[in-house]
Amino acid sequence: MSGFLAGGLARNYVAGSWSEGDGGRTIAIEDPGKGEHFADAAQAGETSLAQALQAARASFERGDLADMKPSDRGRLMLRVAQEIRGLATEGADILCRESGKTLSAAHEEFEEAAQYFEYYGGVADKIEGKSIPLGPDYADYTVFEPYGVSAQVVPWNFPVSIAARSLAPSMAAGNSTIIKSPELDPLALAMLGMALERADVPAGAVSILCGLGSDIGAKLVASDEIDQIVFTGSVPTGQAILHAAAETVTPSLMELGGKSAAVVFEDADIDGVLNSLKSGIFYNAGQVCSAMARVLVHRSVYEEVVARAAELANGLSVGHGLDNPDHTPVVSAQQLSRVEALTSTARQDGARVAAGGTRLDRAGHFMAPTILADVDPASRVAQEEIFGPVTCITPFDTEAEAIAAANGTEFGLVAGIFTRDLARSHRVARKLRAGQVFVNEWFAGGISTPFGGVGKSGFGREKGLEALYNYVRTKNIAISLKG
Ligand code: NAD
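None of the values given here were measured: they were computed from a predicted structure. (Residues numbered from 1 in each chain as written. Predicted model: local features only at pLDDT ≥ 70, side-chain atom pairs only at ≥ 80, totals over all residues. Heavy atoms only, no water.)

As a further point, take the overall build of the protein chain. Along the protein chain, the regular secondary structure elements total 14 helices and 20 strands. Taken against the 2.2 N^0.38 rule, which gives 23 Å for 483 residues, the C-alpha radius of gyration of the protein chain at 23 Å falls within 12% of a compact globule. Classification of the 483 residues of the protein chain by burial places 58% in the buried group. Averaging the positions of the 41 positive and the 59 negative side-chain charges in the protein chain gives two centres separated by 3 Å. (Helix = DSSP H or I, 4+ residues; strand = E, 2+ residues; numbered from the N terminus. Rg over C-alpha atoms; globule rule 2.2 N^0.38 Å. Buried < 20%, exposed > 50% of the residue type's maximum accessible area, 1.4 Å probe, protein only. Lys, Arg positive; Asp, Glu negative; His and termini not counted. Charge placed at Lys NZ, Arg CZ, Asp CG, Glu CD.)

Below, the structure is given as structure tokens:
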């Protein structure tokens, strides 16, 4: 292997240098499309973590980013965006192999990462406070200050773009940042360190560590050297991190899982529904927090939707991500077993397997694209996040019934409505318990639209201008002008 993975090893980017794992330890990274070893990642331990924490604090105290003229900070971030694009060809190839996603999806991730730096780079000099009228005897104003050191823990499903989603606003606000990359696919994310280095981001302002969640992940979030936690991942890990945050009273942002529902009314454009279903549940093999994990369909079009969904699932091309098929593997053998086991509970709970239902008999970790019909909304498969290419279809008769079913899980990340009735789309959108509602197109919106959860899907918002305010705190300055 040449380029970034010369020697088959990705190093950690700590305090502006590239370092081997503590004690030379490494984590083996697999190609899930083949089920074979692909490369290794240097495993950060306590020494690397201590270096990153010390460097982040020192950088913040020096004011490397915080005291930089905001427009210069913005320009620095635009340079990072440019460098990310420059690394995209090599990076997408690595990301495709380590995560199993298609090469084109991996390219999209690098492009999205670049766009986050452009978007937030553009607002670095627009984080404005306000002046508060207290009468002639006072001058009073607010300023937004960076927290200090932002600790960011990233999941494996979109490692590069999710890291950029949190790092870019954190940098724009002037924080130092330590990223804990996911141990299943940390390689392409480590390349972000190259973009930062090439763009001349001050050493120590950002470190990227690959290590085990149970080890340096837990130690990072429990450290009293951090000022903020940004976590994207599963509910149980989020809960563990919140316990740690409670000990140090550290402000936290939680972007957790989902079990999002699309509501398909009788007047919906069924072709549009099917198009949305294809990306909604089969993009990235369904390993998307905002996947279309449930589809509630008006009884008058129910059998048509089930039949066409099954036809769609059975017709998807399957292959290694490098060949850009419709359907790719899940990230690991463990994830495949989890998806398959949870899917198998559906049959016992009375669901009809309209397509798929089991793993595919081929090398790599492939789950068959799966459509479950007649799913009881209270059953396990309709309540728990599967995080694989499996959707649950359930019929409904009335709008009220559909809303109750859509809102009937402990999650509330996104939801969708398919109808030609404008009034109904607004009415139902307001009643859905979700941080974002898509109408007539799943995954509508983009980096400038706020995103985040309700209930166990978490709290706080990423993306958009709103996210910027997660990365700053307000200070009020009240000045007496008397005498
Ligand atoms: P996960 O919770 O297992 O791991 C996420 C990260 O946390 C990894 O980097 C892991 O190493 C680390 N970690 C594990 N234990 C830790 C601990 N005790 N302390 C600190 N860090 C720890 O999640 P995952 O399997 O990587 O990702 C899938 C989950 O992420 C799904 O539930 C999905 O819905 C969710 N997700 C949410 C969003 C969102 O924006 N809401 C986006 C993507 C993924």
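Our focus in this paragraph is the pattern of salt bridges. Side-chain pairing between opposite charges can occur once the charged atoms of the two side chains come close. Applying the stated rule across the entire model yields 25 salt bridges. We note a salt bridge from Glu-46 to Lys-219, for which the minimum N-O separation is 3.3 Å. Linking Glu-46 in helix H1 (residues 46–62) with Lys-219 in helix H6 (residues 213–222), this pair joins segments that are 173 residues apart in sequence. For Lys-219, a relative accessible area of 35% corresponds to the partly exposed category. Measuring nitrogen to oxygen at the nearest pair gives 2.8 Å for the salt bridge that ties Glu-145 to Lys-475. Of this pair, Glu-145 sits in strand E6 (residues 138–146) while Lys-475 sits in strand E20 (residues 472–480), and the two are 330 residues apart along the sequence. Since its relative accessible area comes to 26%, Glu-145 is described here as partly exposed. On the basis of relative accessibility, which here comes to 37%, the residue Lys-475 falls in the partly exposed class. Each member of the salt-bridge network shares a partner with another, and the members are Glu-46, Asp-215 and Lys-219. (Salt bridge = Lys/Arg side-chain N within 4 Å of Asp/Glu carboxyl O.)

With that out of the way, let us pick up the UniProt feature "active site" (unreviewed entry) in the protein chain. Using the residue numbers shown here, the UniProt feature "active site" (unreviewed entry) corresponds to Glu-255. Tracing the backbone shows Glu-255 in strand E11 (residues 252–255). Take Glu-255: its relative accessible area is 2%, and that puts it in the buried class. Apart from the residues within four sequence positions on either side, Glu-255 is in contact with Arg-165, Phe-231, Thr-232, Gly-233, Phe-451, Gly-452, Gly-453, Ser-457, Gly-460, Arg-461 and Glu-462. (UniProt positions renumbered as here; feature names shortened; annotations may be inferred. Contact = heavy atoms within 4.5 Å.)

Take the nonpolar core next. One finds Phe-117 and Met-171 to be the most contacted residues of the largest nonpolar core, which totals 99 residues. The dominant element in this core, judged by the number of residues it contributes, is helix H2 (residues 70–99), at eleven residues. Beyond its immediate stretch of four places on either side in the chain, Phe-117 contacts Met-77, Leu-78, Val-80, Ala-81, Ile-84, Ala-164, Leu-167, Ala-168 and Met-171. Judged by nonpolar contacts, the second largest core, of 24 residues, contains Val-14, Val-235, Ile-241 and Leu-256. (Core = buried A, V, L, I, M, F, W, Y, C linked by side-chain atoms within 4.5 Å.)

Per the UniProt annotation, the sites labelled "domain: Aldehyde dehydrogenase" (unreviewed entry) are residues 18–477. Along residues 18–477 one finds 41% helix and 20% strand; the C-alpha atoms at either end are 42 Å apart.

So, about the pairing of strand E16 (residues 390–396). Across the seven residues that make up E16, a large majority, seven, are buried. As paired elements, strand E13 (residues 294–298) and E16 share five bridges and run parallel to each other. Paired with Arg-294 across the two strands is Cys-392, which belongs to E16. As judged from the three bridges shared by strand E15 (residues 370–373) and E16, these two strands associate in the parallel manner. In the sheet register, Thr-370 faces E16, and the bridge partner there is Val-390. (Pairing = 2+ DSSP bridges.)

Here helix H8 (residues 270–282) contains 13 residues, and its C-alpha end-to-end distance of 17 Å stays within 8% of the 18 Å for a straight helix at 1.5 Å per residue. When H8 is considered as a whole, its buried residues turn out to be Ile-270, Gly-272, Val-273, Leu-274, Ser-276, Leu-277, Gly-280, Ile-281 and Phe-282. The N-capping residue of H8, defined by a side-chain oxygen 3.1 Å from the backbone nitrogen of Asp-271, is Asp-269. Asn-284 occupies a position one or two residues after H8 and carries a positive phi of about 55°. (Expected span 1.5 Å × (residues − 1). Polar contact = N/O pair within 3.5 Å; in protein donor to acceptor, adjacent residues only side chain to side chain.)

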